[in-house]
Structure formats: C-alpha cells, structure tokens
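The chain contents come next:
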Amino acid sequence: MNKQTSEVPEYVVCIDNSDYPASLELHKIYRVLPDEDASADGDLRIIDESGEDYLYSADRFVPIAVPIAVKKSLELKVHP
C-alpha cells in the first residue's frame, strides 16, 4: 500500500512480518480499523495476533476485497 491511498481498506493481507513474527503472520488476512492520523503517516491500525490493535507500516500489507460470506466469518472471529 502507498500513502496516496485515500480510502482505508477493511481487510489486508500481510506480506512482510519482519521484526514482528509473533504479532503478524505472513499471508494472513487482518482487519483494519479506521485511523485517519495513522493513514496520514502511512500506517494502518491492525488487529494483530495478540487480539489488540497496533500501528504497522502500510507497506507490510496489501489491501483485499473479501466476499460477503468471508467478511461475516472474519467479523465473527473478531467479535465473539
């Protein structure tokens, strides 16, 4: 992702977990929480493996569109 992306994606896939192997899994789908300040700095607020939200460089992720059925499943996982 680049800083010029004006719309924050709802979901991304991790393509770089260097320095964060315990917090981010390669090729895993992560939910993005809206954070205008983070976006302005080129970061994304991600719910990581700890279950908490943290800021990571947007360059570590690729935005994806997920089908409605997948989105519902992911949201159930995040909000038990």
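Residues numbered from 1 in each chain as written. Predicted model: local features only at pLDDT ≥ 70, side-chain atom pairs only at ≥ 80, totals over all residues. Heavy atoms only, no water.

Moving on, we come to the overall build of the protein chain. The helix and strand inventory of the protein chain stands at two helices and five strands. Considering only intrachain contacts with a sequence separation of at least 6, the fraction spanning at least 24 residues in the protein chain is 45%. Roughly 5,300 Å² of accessible area belongs to the protein chain as shown, and the carbon and sulfur atoms make up 51% of that amount. (Helix = DSSP H or I, 4+ residues; strand = E, 2+ residues; numbered from the N terminus. Contact = heavy atoms within 4.5 Å. Areas by Shrake-Rupley, 256 points an atom, 1.4 Å probe, with all protein chains shown as cover.)

Turning our eyes to something else, we now look at the side chain of D48. Here D48 lies in the loop between β3 (43–47) and β4 (53–57). Buried charged residue D48 carries no salt bridge. Nearest counter-charge: K28, at 9.0 Å. (Buried < 20%, exposed > 50% of the residue type's maximum accessible area, 1.4 Å probe, protein only. Lys, Arg positive; Asp, Glu negative; His and termini not counted. Salt bridge = Lys/Arg side-chain N within 4 Å of Asp/Glu carboxyl O.)

Glancing now at the sheet that holds strand β2 (residues 29–33). With respect to topology, five strands assemble into an open sheet ordered β4-β3-β2-β1-β5, the strand pairing being antiparallel. Of all strands in the sheet, those with a lone pairing partner are β4 and β5 (61–64), marking the two edges. Across the sheet, the axes of successive neighbouring strands diverge by a mean angle of 45°, strand direction being ignored. With five bridges joining them, β3 and β4 adopt antiparallel strand pairing. (Pairing = 2+ DSSP bridges. Axes fitted to C-alpha atoms, helices over the stretch in contact; angles between N-to-C directions.)

For the rest of this paragraph, the subject is the pattern of salt bridges. For side chains of opposite charge, pairing can occur when their charged atoms come near one another. Scanning the entire structure with this criterion turns up five salt bridges. Ionic pairing is found between D53 and R45, a salt bridge with its closest N-O pair at 3.0 Å. Judged by its relative accessible area of 30%, D53 falls in the partly exposed class. The class for R45 is partly exposed, based on a relative accessible area of 22%. Salt bridges sharing partners connect three or more residues here, namely D35, R45 and D53.

Of all hydrophobic cores here, the largest spans 10 residues; its members are V12, C14, L24, Y30, V32, L44, I46, Y56, A58 and F61. Those elements that provide at least two residues to this core are β1 (11–14), β2 and β3. (Core = buried A, V, L, I, M, F, W, Y, C linked by side-chain atoms within 4.5 Å.)

Here the structure, examined in full by the defined rule, presents three aromatic pairs. Ring centres of Y20 and Y56 lie 5.2 Å apart, and the angle between their planes is 90°; this geometry places the pair in the edge-to-face category. Here Y20, found in the loop between β1 and β2, pairs with Y56, found in strand β4; they are 36 residues apart in sequence, far enough to count as distant. Looking at Y20, the relative accessible area reads 34%, which means it is partly exposed. Judged by its relative accessible area of 4%, Y56 is buried. Ring geometry for Y30 versus F61: centroids 6.3 Å apart, planes at 80°, classification edge-to-face. Residue Y30 is located in strand β2, and its partner F61 is located in strand β5; the two are separated by 31 residues in the primary sequence. Considered together, Y30 and F61 belong to a single accessibility category, that of buried residues. (Phe/Tyr/Trp six-rings, centres within 6.5 Å; stacked < 30°, edge-to-face > 60°.)

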